[in-house]
Amino acid sequence: MINPIYSPDSSRYDNGMKYRRCGRSGILLPEISLGLWHNFGDVNTFANSQAMAHHAFDKGITHFDLANNYGPSYGSAEETFGMIMKKSFMPYRDELFISTKAGHDMWPGPYGEWGSRKYLMTSLNQSLRRMNLDYVDIFYSHRYDPDTPLEETLQTLVDIVRQGKALYVGISKYPKAAAEFAYRYLAERDVHCLLYQGRYNIFNREPEEEGILQQAKENGTGFIAFSPLAQGLLTNRYLNGIPDDSRIAKGGFLKKEALTDETLKKIKALNEVATQRGQTLAEMALAWLLKDDMVTSVIIGASSVAQLDDNLQSIKNTKFTAEELEKINQIDSLK
Ligand SMILES: NC(=O)c1ccc[n+]([C@@H]2O[C@H](COP(=O)([O-])OP(=O)(O)OC[C@H]3O[C@@H](n4cnc5c(N)ncnc54)[C@H](OP(=O)(O)O)[C@@H]3O)[C@@H](O)[C@H]2O)c1
């Protein structure tokens, strides 16, 4: 069957999406960004992946977050995105803010992971080929490498910008001291660190507790939250057991063991708070992050257009009363 030519919604910037300035920079990012870690690999149905990407763009989501090894198999999410670029998004390239990363396990041997110049440079070249792109908007060091001199990793980011292969750079999951070093090193070379990408959700508050959010703000770096729904735990997905098509059932990064009786109790209690607010649990979990203007955007994952639509509703109400926040904190600390 020939695919109909994609024509994006002409009111995509009037559909309610809000954009936040990314630290001290010229870049505005949508409050909701779409991540391609799961559900865009070669094990997934292309039609569904494409439908989600199209729907996202139609709703004003301009930021798509990728990494070299997203799939499975490794590289296949970038290939899927590359196909979508070729088939439909290419005319809109300048409206899109596309990221990729390198840092985790990608190919065998000593040059296929961590933070060496060899790995980062060659990985980005591969990513550009897979995605059918000349450049990415932001390239991240995906994780801090304790064994490679940080100067080597950071100088590579500087050089990648100088080569025009990425417009901006960012860091992900860096410990606070390494982030401080990175912000300074890059700034001294006139390359601003645009984004810090960290795991942040109601169940995992490390960026807040460890001062990563504040540090990013002081540096003029935006903070973008990944796994804002705790991979699906902070949704209605597991309220009544483990659905066959869920991330837990598929067996991957989210293990069955994560759904303890204690966690289920919290999910149910949080779901009640969400209902009282007139939101689904997913909507409330995203709104809870977006209530803080130190959070530039949340990168959601989704396995269907319906989930994506639900998540988009979250931006309609990101205000919480002191009582609601207190209740959420109490639930989170329940044993
Ligand atoms: N920098 C890093 O190291 C790093 C690490 C992880 C992720 N990330 C980025 O962050 C992105 C998001 O991570 P994530 O996928 O873990 O995010 P998430 O938003 O916490 O979880 C996504 C999962 O939650 C479920 N879900 C989403 N919306 C739902 C809704 N409205 N109702 C019910 N269930 C819903 C779906 O699970 P089912 O599949 O079960 O339907 C979906 O796959 C990734 O794609 C990636 O771009 C970055």
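The structure presented is a predicted model; accordingly, all values stated were derived computationally and were not measured.

Analysis parameters
- Residues numbered from 1 in each chain as written.
- Predicted model: local features only at pLDDT ≥ 70, side-chain atom pairs only at ≥ 80, totals over all residues.
- Heavy atoms only, no water.
- Helix = DSSP H or I, 4+ residues; strand = E, 2+ residues; numbered from the N terminus.
- Rg over C-alpha atoms; globule rule 2.2 N^0.38 Å.
- Contact = heavy atoms within 4.5 Å.
- Areas by Shrake-Rupley, 256 points an atom, 1.4 Å probe, with all protein chains shown as cover.
- Lys, Arg positive; Asp, Glu negative; His and termini not counted.
- Charge placed at Lys NZ, Arg CZ, Asp CG, Glu CD.
- Near = heavy atom within 4 Å.
- Polar contact = N/O pair within 3.5 Å; in protein donor to acceptor, adjacent residues only side chain to side chain.
- Buried < 20%, exposed > 50% of the residue type's maximum accessible area, 1.4 Å probe, protein only.
- UniProt positions renumbered as here; feature names shortened; annotations may be inferred.

**Details of the overall build of the protein**
When helices and strands are tallied, the protein shows 12 helices and 10 strands. Its C-alpha atoms give the protein a radius of gyration of 19 Å, within 12% of the compact-globule value 20 Å for 335 residues. If one aligns the C-alpha atoms of the protein with their principal axes, the spans along those axes are about 55 × 50 × 40 Å. In the protein, of all internal contacts separated by at least 6 residues, the share reaching a separation of at least 24 is 76%. Put simply, the protein shows about 14,700 Å² of open surface, and 51% of that area lies on carbon and sulfur atoms. With 38 positive and 42 negative side-chain charges, the protein shows a spacing of 1 Å between the two charge centroids.

**Quick notes on the site of the ligand**
Taken together, 32 residues lie around the ligand, and D65, K173, S227, R247 and S303 are the ones closest in. A distance of 3.0 Å separates a nitrogen atom of the ligand from a polar side-chain atom of Q197. When isolated, the ligand has an accessible area of 920 Å², and the protein chains bury 97% of it. Going through the elements one at a time, β10 (295-300) and α11 (305-313) are the ones with two or more residues in the shell around the ligand.

**Observations regarding unusual backbone geometry**
Looking along the chain, the bond that leaves G71 and enters P72 is cis, with omega of -15°. In this fold, P72 is placed in the loop between β4 (63-65) and α2 (76-89). Looking along the chain, the bond that leaves P72 and enters S73 is cis, with omega of -5°. By the secondary structure assignment, S73 is in the loop between β4 and α2. Backbone geometry at W114 places phi at a positive 75°, although glycine is not the residue there. The residue W114 is located in the loop between β5 (97-102) and α3 (117-131) in this model. The backbone of A230 shows a phi angle near 50°, a positive value even though the residue is not glycine. Looking at the secondary structure, you find A230 in the loop between β9 (222-226) and α8 (247-250). Looking at A230, the relative accessible area reads 12%, which means it is buried.

**So, the UniProt feature "domain: NADP-dependent oxidoreductase" (unreviewed entry) in the protein**
Feature annotation in UniProt assigns "domain: NADP-dependent oxidoreductase" (unreviewed entry) to the following positions: residues 31-332. Between the C-alpha atoms that bound residues 31-332 the distance is 24 Å, and the span itself is 43% helix and 15% strand.

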